[in-house]
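Now for the letters of each chain:
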Amino acid sequence: MIDKLKITLVKSQIGCVAKHKKIVAALGLKKVHQTVKQPDNAAIRGMIRQVDYLLKVEE
């Protein structure tokens, strides 16, 4: 079974770098406190690492 990551946006994107806003959107997050489930793979982990100051991640 493929592991899933539970990703929650905990901080507003206001004032962030435009690239980071695009990364958050690509993860499927639109609003603060929204949670999505994404597969646990290298691409998703790299995106999370870029914007880790905005997110809370649970395995």
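Our structure's up above, just so we're on the same page.
Since we're looking at a predicted model, the values are computed, not measured.

Novice: Is there a simple way to think about the side chain of H20 in this case?
Specialist: Relative to the helices and strands, H20 is located in helix α1 (residues 18-26). Residue H20 is classed as buried on the basis of its relative accessible area of 14%.

Novice: Where do I start with the side chain of T8 in this structure?
Specialist: Along the polypeptide, T8 turns up in strand β1 (residues 4-9). By relative accessible area, which is 11% here, T8 ends up buried. A polar side-chain atom of T8 sits 2.9 Å from a polar atom in the side chain of T35. In this view, T8 contacts H33, Q34, T35, L54, L55 and K56; residues no more than four positions away in its chain are not counted.

Novice: For this particular structure, what's the right way to read the environment of E58?
Specialist: Structurally, the position occupied by E58 is in strand β3 (residues 55-58). Looking at E58, the relative accessible area reads 33%, which means it is partly exposed. In this structure, E58 is in contact with K4, L5 and K6, ignoring residues within four places of it in sequence. Of the polar contacts made by the side chain of E58, one reaches the side chain of K56; its length is 3.3 Å.

Novice: Any chance you could explain the nonpolar core here in plain terms?
Specialist: One recurring pattern in soluble globular proteins: nonpolar side chains tend to sit buried together. Counting 14 residues, the largest nonpolar core has I7, L27, L29, V51, L54 and L55 as the members making the most contacts within it. For this core, the secondary structure elements donating two or more residues are β1, α1 and α2 (42-50). Top element by residues in this core is β1. It accounts for 3 residues. Leave out the neighbours within four places in its chain, and L29 touches I7, L9, V24, Q34, T35, V36 and L55.

Novice: Sorry, what's going on with unusual backbone geometry here?
Specialist: Glycine aside, residues mostly have negative phi angles, and peptide bonds mostly take the trans form. The residue H33 is not glycine, and still its phi comes out positive at about 70°. Mapping H33 onto the fold places it in the loop between α1 and β2 (35-39). When its relative accessible area of 62% is taken as the criterion, H33 is described as exposed.

Novice: Would you take a moment to explain the sheet that holds β1 for this structure?
Specialist: The strands making up a sheet are joined through hydrogen bonds of the backbone, oriented either antiparallel or parallel. Across the sheet, which stays open at both edges, the 3 strands sit in the order β2-β1-β3 with antiparallel pairing between neighbours. Each having just a single partner strand, β2 and β3 make up the two edges of the open sheet. Strand-to-strand twist in this sheet, taken as the mean axis angle between neighbours without regard to direction, amounts to 30°. Lying over the sheet, α2 contacts β1, β2 and β3, oriented at roughly 25° with respect to β1.

Parameters at a glance
Residues numbered from 1 in each chain as written. Predicted model: local features only at pLDDT ≥ 70, side-chain atom pairs only at ≥ 80, totals over all residues. Heavy atoms only, no water. Helix = DSSP H or I, 4+ residues; strand = E, 2+ residues; numbered from the N terminus. Buried < 20%, exposed > 50% of the residue type's maximum accessible area, 1.4 Å probe, protein only. Polar contact = N/O pair within 3.5 Å; in protein donor to acceptor, adjacent residues only side chain to side chain. Contact = heavy atoms within 4.5 Å. Core = buried A, V, L, I, M, F, W, Y, C linked by side-chain atoms within 4.5 Å. Pairing = 2+ DSSP bridges. Axes fitted to C-alpha atoms, helices over the stretch in contact; angles between N-to-C directions.

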